[in-house]
Amino acid sequence: MNVREWALIAFTILAQMSVGSFLVLGVVHFFAARKDGMEEADRLSDRALLAIGPVLALSLIVSLVHLGNPMNSYRAVTNLGTSWLSREILSAVSFTVVGGLFALMQWRKIATPLIRNVIAWLAALIGVVLVYSMSNVYMLPTQPAWDSLATPITFFATTLLLGVLAMGAAFVANYAYVQRTNPGCADKQCQLLRASLRWIAVASVVLLGIELIVAPLQVAYLAAGTSAASQASAALVFGGYGLILATRLVLVFLGAGIIGLFLYQNATSPGQEKIMGTLTYAAFVIVFVAEVLGRYVFYAAHVRIGI
Amino acid sequence: MAKQLGFYFDASACSGCKACQVACQDKNDLPHNVTWRRVFHYGGGSWIPDGDVMAPNDVYAYSVSTACMHCEEPLCMEVCPAAAISKRDDGVVLIDQSKCIGCRYCEWACPYGAMRFREDLGVMSKCTFCQDLLAQGQSPACVSACVMRALDFGELDDLRAKYGAGNGIEPLPEASFTKAAVVITPHKDAQMSGTGTGKILNVSEEV
């Protein structure tokens, strides 16, 4: 593992977290607006929306680090006809531009909610295309460790899991900021926060389930593969990287599963707001570390077919 | 003009001396760690008890000289995001370093490990089939240098007519992956691609 591969780990994790956050925010905002009106929904999500921008920008800047010749990086979108890498870069840049435009309009309340909605939908769609393209970049016929359904499933699971927990943490931080002078949980905002965190807890347990099913299936698939490259990848996973993979699964179980359940319980019973916040932060940090470890093994344990 | 140039390699004649590789490095002025042509020593076998001693059992070894296979369906060209890799009318696959962004994605794709990163330039490099020598009617440097006459080149159809259709021995991947433009005469102990029981013996030399 070298600087170049760490740059790819950072790029894919942060870009996926940004897409997931955007999607989750859209869903939460939709239900919050239906329940308590547009104004309360905006109060809940506007600051969280602005937090996505820097993360996304950071991911794009970091992606340049893995290039040997960054001066030519503008050329990375010149082979859209056949290269998924070109499509990935184009959708990453488009997501940044359209998502950024929406964030600006939402922040400044430019144009009507309907127009903003259309732009948000467009950005969300591009975000999904981005994660889909990202998956296809790795599904090379000469890379058995990557060329399976496990890649898109894992990428989308990471996208949504980091998305829900990052936005949960952002909501908690936003609420703490809004309510600095007015502790307690009597207002609509706090009710919204608790309702959101309950759903976030449920979503993370479901996504955890997907990850816990796919990870062993992926290893079994590799071990059953007939090519020498597939066997070599499986040997790497069972050998040196097995411990990291196991740590990752334990951490994601702890963060999304155990803490998720506690979070659900806390968000259900009033008067536990402080613990609720701490649990959300802890779940996010633990799952983030787990996903980085998972991505580390993804890059470390692939063996190409051939010589 | 030829439709698809290709290399021919006679594994039954190759001694594994690497003169082809050295000639390539010299002709193309490559750094020592950028090898467009590589020679793999492949072997295997085991030991069985024979009375009081252990005797070799089915021990075999042979050498395979490889470079870019100038595939008919080059995966490197398909996946390159910068459209820096192209295929000439004569089938030769070339990389334009002025377009390369140095992402090394082609390196992940090519099953022959033919895409070599130039740390000093920050871009990829690969076998050019010695296009300058070809233009002068000469042979590529590796072919000229082979003391065992184990290398040849030419129009792929002509090579097949002359040497047969063999193209997949270990440790090479199946040629069907990318339609490699190569013809190979197997060594007598050669194993077919995908059925190998041996391993590359000189990994530290040819990474």
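Residues numbered from 1 in each chain as written. Chains lettered and ligands numbered in written order. Predicted model: local features only at pLDDT ≥ 70, side-chain atom pairs only at ≥ 80, totals over all residues. Heavy atoms only, no water.

### Some details on the pairing of strand 8 (residues 151–155) of chain B
Residue and element names in this part refer to chain B.
Here's step 1: Counting buried residues in strand 8 gives four out of five residues, a clear majority hidden from the surface.
Here's step 2: Judged from the five bridges that link them, strand 1 (residues 5–10) and strand 8 form a sheet pairing that is antiparallel. When the bridges of strand 8 are listed, Phe-7 appears paired with Phe-153. (Buried < 20%, exposed > 50% of the residue type's maximum accessible area, 1.4 Å probe, protein only. Helix = DSSP H or I, 4+ residues; strand = E, 2+ residues; numbered from the N terminus. Pairing = 2+ DSSP bridges.)

### Things to note about the side chain of Asp46(A)
Residues and elements named next belong to chain A.
Here's step 1: For Asp-46, the position within the fold is in helix 2 (residues 38–63).
Here's step 2: Here the side chain of Asp-46 touches Lys-109 through a polar contact of 2.7 Å, side chain to side chain.
Here's step 3: Excluding residues that lie within four positions of it along the chain, Asp-46 makes contacts with Gln-106, Trp-107 and Lys-109. (Polar contact = N/O pair within 3.5 Å; in protein donor to acceptor, adjacent residues only side chain to side chain. Contact = heavy atoms within 4.5 Å.)

### Some remarks on the layout of surface pockets
Empty space among the atoms becomes visible once a probe the size of a water molecule is rolled across them.
Here's step 1: By volume, the largest pocket amounts to about 1400 Å³.
Here's step 2: Lining of the largest pocket is provided by 49 residues; of these, Val303(A), Arg304(A), Ile305(A), Gly306(A) and Ile307(A) occupy positions nearest its centre.
Here's step 3: When residues of the lining of the largest pocket are traced back to their parent elements, those giving at least two are helix 1 (3–36) and helix 7 (228–238) of chain A together with strand 2 (38–50), helix 3 (105–109), strand 6 (116–118) and strand 10 (199–200) of chain B.
Here's step 4: Its residues assigned to classes, the lining of the largest pocket comprises 22 nonpolar, 13 polar and 14 charged.
Here's step 5: The calculated volume of the second largest pocket comes to roughly 1000 Å³.
Here's step 6: If you trace the second largest pocket, you find 38 residues lining it, with Leu25(A), Gly26(A), Val27(A), Val28(A) and His29(A) closest to the centre.
Here's step 7: If one sorts the elements of the lining of the second largest pocket by residue count, helix 1 of chain A sits on top with 14 residues.
Here's step 8: Residue classes in the lining of the second largest pocket are distributed as 27 nonpolar, six polar and five charged. (1 Å grid on protein atoms, 1.4 Å probe; cavity = no way out; pocket = protein on both sides within 12 Å on 5 of 7 lines; lining within 4 Å. Points joined across faces, edges and corners; volume = space filled by probe spheres on them. Nonpolar A, V, L, I, M, F, W, Y, C, P; charged D, E, K, R; others polar.)

### Describing the sheet that holds strand 1 of chain B
All names here are of chain B.
Here's step 1: Strand order across the open sheet formed by three strands is 8-1-9, with mixed pairing between neighbours. Two strands lie at the open edges of the sheet, namely strand 8 and strand 9 (182–185), each paired on one side alone. The average angle at which neighbouring strand axes cross in this sheet is 20°, direction not considered.
Here's step 2: Set on the sheet, helix 6 (residues 156–163) makes contact with strand 1, strand 8 and strand 9; between it and strand 8 the angle comes to about 125°. (Axes fitted to C-alpha atoms, helices over the stretch in contact; angles between N-to-C directions.)

### Brief notes about the packing of helix 5 (residues 150–178) of chain A against helix 6 (residues 188–224) of chain A
All names here are of chain A.
Here's step 1: Closest axis-to-axis distance for the helix 5/helix 6 pair is 9 Å, and the angle between their directions is 155°. Compared by their axis directions, helix 5 and helix 6 come out roughly antiparallel. For the element pair helix 5 and helix 6, the recorded crossing hand is left-handed.
Here's step 2: In the contact of helix 5 with helix 6, the residues fall into 19 nonpolar, seven polar and one charged. (Parallel < 35°, antiparallel > 145°, perpendicular 65-115°, else oblique. Left-handed = near helix turned anticlockwise from the far one by under 90°.)

### Concerning empty space enclosed by the protein
Residue and element names in this part refer to chain A.
Here's step 1: What the rule picks out here adds up to six cavities of 30 Å³ or more.
Here's step 2: Within this model, the largest cavity holds a volume of roughly 360 Å³.
Here's step 3: Lining the largest cavity we find 26 residues, and of these Thr-154, Gln-218, Arg-248, Gly-294 and Phe-298 sit closest to its centre.
Here's step 4: At the level of secondary structure, the elements contributing two or more residues to the lining of the largest cavity comprise helix 5, helix 6, helix 8 (242–268) and helix 9 (273–300).
Here's step 5: Considering only residue class, the lining of the largest cavity consists of 16 nonpolar, six polar and four charged.

### Topic: the sheet that holds strand 10 of chain B
Here's step 1: Read from one edge of the open sheet, three strands run 3-2-10 (chain B), paired in antiparallel fashion. The open sheet is flanked by strand 3 (53–66) and strand 10 of chain B, the only strands paired with a single partner.

### With respect to helix 3 (residues 84–108) of chain A
Side chains that are three or four residues apart share a direction in an α-helix, a result of its 3.6 residues per turn.
Here's step 1: Given a rise of 1.5 Å per residue, 25 residues ought to cover 36 Å, and the 35 Å separating the end C-alpha atoms of helix 3 of chain A matches this to within 8%.
Here's step 2: Of the positions making up helix 3 of chain A, those classed as buried are Leu85(A), Ser86(A), Glu88(A), Ser91(A), Ala92(A), Phe95(A), Val98(A), Gly99(A), Phe102(A), Ala103(A), Met105(A) and Gln106(A).
Here's step 3: On the buried face of helix 3 of chain A, the contacting elements are helix 1, helix 2 and helix 4 (113–138) of chain A together with helix 2 (75–79) and helix 3 of chain B.
Here's step 4: Of the residues one or two after helix 3 of chain A, Lys109(A) is the one with positive phi, at around 50°. (Expected span 1.5 Å × (residues − 1).)

### Considering the pairing of strand 2 of chain B
Residue and element names in this part refer to chain B.
Here's step 1: Here strand 2 runs beside strand 3; their pairing, made up of twelve bridges, is antiparallel. Counterpart to Gly-44 in the pairing with strand 3 is Tyr-60.
Here's step 2: Pairing of strand 2 with strand 10, which is carried by two bridges, proceeds in the antiparallel orientation. Across the sheet, residue Tyr-42 finds its bridge partner in strand 10, namely Ile-200.

### A few points about the confidence of the model for chain B
Residue and element names in this part refer to chain B.
Here's step 1: Looking at chain B, pLDDT values average 94 and 99% of them are 70 or higher.
Here's step 2: Mean pLDDT values for the elements of chain B range from 91 in strand 10 up to 98 in helix 5 (residues 141–145).
Here's step 3: Among the prediction metrics, the complex's ipTM stands at 0.90, with pTM recorded as 0.93. (pLDDT = per-residue confidence, 0-100.)

### Some words on the packing of aromatic side chains
Here's step 1: Considering all chains together, one arrives at 23 aromatic pairs over all chains under this definition.
Here's step 2: Where Phe155(A) meets Phe298(A), the ring centres are 5.5 Å apart and the plane angle is 55°; that geometry is what we call tilted. Of this pair, Phe155(A) sits in helix 5 while Phe298(A) sits in helix 9, and the two are 143 residues apart along the sequence.
Here's step 3: On the basis of relative accessibility, which here comes to 1%, the residue Phe155(A) falls in the buried class.
Here's step 4: Pairing Tyr8(B) with Tyr163(B) gives two aromatic rings, centres 3.4 Å apart and planes at 10°, and the pair type is stacked. With a gap of 155 residues between them, Tyr8(B) in strand 1 and Tyr163(B) in helix 6 connect regions that are remote in the sequence.
Here's step 5: One aromatic cluster is present, built from ring pairs that chain together Tyr138(A), Trp146(A), Phe155(A), Phe298(A), Tyr299(A), Tyr105(B) and Trp108(B).
Here's step 6: When the ring centre of Trp84(A) is taken as reference, the NZ or CZ atom of Arg87(A) above it lies at 4.4 Å. (Phe/Tyr/Trp six-rings, centres within 6.5 Å; stacked < 30°, edge-to-face > 60°. Lys NZ or Arg CZ within 6 Å of the ring centre and 35° of its normal.)

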